[in-house]
Amino acid sequence: MLNVIFSTMFFNTLTPKFYVALTGTSSLISGLILIFEWWYFKRYGTSFIEQVSINHLTPILNGNDSTNSSITNNDSSLQASPLTNGCNNGNNSNGNSSLPNGIDSTAPVTGTNECKVWKNPCALFRGAEYQRLTQSNGKEPLTFHDMNLSAQEHQTFFSCELDEGKPEYEMMQRAWRERAPSTRIQLAHDALEKNFECTPALILLAEEEATTIIEVERILKQALKCAENAYRKSQQLLEQGHNQDIVHKRNTNILIYVKRRLGMCARKLGKLREATKIFRDLVKEFPMMSVFNIHENLIEVLLALQNYPDVQGVLAKYDDISLPKSATICYTAALLKARAVASTFSPDVASKRGLTAAEMSAVEAIHRAVEFNPHVPKYLLEMKSLILPPEHILKRGDSEAIAYAFFHLPHWRRVDGALNLLHCTWEGTFRMIPYPLEKGHLFHPYPTCTEAADRELLPAFHDVSVFPKKELPFFILFTAGLCSGTAMLALLTHQYPEIAAYIARLFLNWFSVPIQYLTDKIESILPSNLFQQLAKI
């Protein structure tokens, strides 16, 4: 009874200012927690409180068994990090080559979970194209991470260990590492002064100094002569040992790069047949270099020519279960099948009579393409704005979708009814894969780390597309409700102090009644001198 009297006296002495301070402080703390939780979720895609409870508190409460499972969870979360490349790019195929630039771009072995970054086969020219965006609106279209990957490629792609001691190649090694474009360009000019046939220096000037595609083509044609001379010389010396083989591989890589970029110049200048010949010759002359995805350049040029039979022939060779898939392969196959039925397709008629065999084949091809990369349809249907594609892409990610739609949207528009068919059918894919992160239909489950990797490849001003849409964690909703509730209580207490104080005292009195009842019961059961006896022990 005495405790009740003291508690009542304590509650009666609390002023309205105390309740305002209490609720205001609670609102501030919960607001700070909410801001941190939201930032952590946007950056890492998960709740910080949830991660701490799973990885640290649960093992303490449950013992060693949970510790082991926690370690497993940590491993999986590390695998999902872009730093450890821990996600699946969805190919149910097995590549057998790797890029000479040191970035492994082969498709993963079936069943493995690897997140691969690929060179964009249709990457734009920095000086003639990317820089035009920066000059027009001040926005940088390329991220530092993307450009750093290109620098790593060029260092290993355009040089070899036998170039040590050659001043022009040492200058170019410095040039690729430099961050400032002006410094890179100056070093390239210095390298040409040392050796006017330094092909890597000409490549850098074509990529970064030339401001028009015509100027790029002129420099690359000069680089092509130098590259062909070096290639022939190293080919004649192949039998002289392993060192010459290394030099020849370097010269082969340079020759392929220059020819490919010349083909892209021809494509941009409208010389489609010339571009087609260049890409056909590259595919025929270097068949083992399929990992460079030159066939994707060939497919795009053939679509521009509306040479659909030849496109089908290229797909027959590369749309194989043993080869890596891409958005270009899957969506081009869907476009060709849609072309046969799109002009006469009507959703109302199809709902009444059902789909014909040709329509069913086209719809299945669209579903297959959407399962591989679900981000593409929104760009093709202009539900999401396009940006300039990055220099590197992530298979099945938003970066690949942007790169595909940037070049292939005109081809879909040209086929009458193709976009309408895509609009009517693409969302049906998700009924077949209700849990895309756990189980796929034709491909591996959708990777969990594409968002983090795409954010490193795409500029900050772009709203990265996320699949599947992530639901807000419980703790964000909880802290948002707590912050809002306490803020409202603080406001009401400040506006109506007397009423708020009365309600608070009433609530606290109600809350103290069951506690007091339990305390009295425990005191009646336990001896009064229990604590003294325990102290003696």
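Residues numbered from 1 in each chain as written. Predicted model: local features only at pLDDT ≥ 70, side-chain atom pairs only at ≥ 80, totals over all residues. Heavy atoms only, no water.

- The protein has the name Protein ST7 homolog in an unreviewed UniProt entry, where Adineta steineri is given as its organism.
- In its Sequence similarities (unreviewed entry) section, the UniProt record describing the protein reads: "Belongs to the ST7 family."
- The Subcellular location (unreviewed entry) comment attached to the protein in UniProt states, word for word, "Membrane". (UniProt positions renumbered as here; feature names shortened; annotations may be inferred.)

Here's the deal with helix α22 (residues 450-457)
- Of all the positions in α22, only Thr450, Glu451, Ala453, Asp454 and Leu457 are classed as buried. Across the axial projection of α22, the buried residues extend over an arc of 165 degrees, all falling on one side. (Buried < 20%, exposed > 50% of the residue type's maximum accessible area, 1.4 Å probe, protein only. Helix = DSSP H or I, 4+ residues; strand = E, 2+ residues; numbered from the N terminus. Arc of directions from axis to C-beta.)

A short note on unusual backbone geometry
- A positive phi angle, close to 60 degrees, is found at Glu382, a residue other than glycine.
- By secondary structure assignment, the location of Glu382 is in the loop between α18 (376-380) and β2 (392-394).
- At Arg396, a position not held by glycine, the phi torsion is positive, near 70 degrees.
- Within the element layout of this structure, Arg396 appears in the loop between β2 and α19 (398-414).

Examining the environment of Met264
- Within the fold, Met264 resides in helix α11 (residues 242-268).
- The exposure class of Met264 is buried, given its relative accessible area of 5%.
- Setting aside chain neighbours within four positions, we find Met264 in contact with Pro121, Cys122, Ala123, Phe279 and Asn297. (Contact = heavy atoms within 4.5 Å.)

What to know about the pattern of salt bridges
- For the coordinates displayed, the defined rule picks out 18 salt bridges.
- A salt bridge links Asp310 to Arg280; the nearest nitrogen and oxygen atoms lie 2.7 Å apart. Of the two residues, Asp310 is situated in helix α14 (residues 308-318) and Arg280 in helix α12 (residues 272-285); the sequence distance between them amounts to 30 residues.
- Its relative accessible area of 30% is what places Asp310 among the partly exposed residues.
- Taking the shortest distance from any N to any O, the salt bridge between Arg455 and Glu451 comes out at 2.6 Å. Residue Arg455 and its partner Glu451 are both found in helix α22; the two are separated by four residues, about one turn of the helix.
- We classify Glu451 as buried; its relative accessible area is 13%.
- Three or more residues are tied together by salt bridges with common partners; here these are Arg126, Arg184, Glu208 and Glu391. (Salt bridge = Lys/Arg side-chain N within 4 Å of Asp/Glu carboxyl O.)

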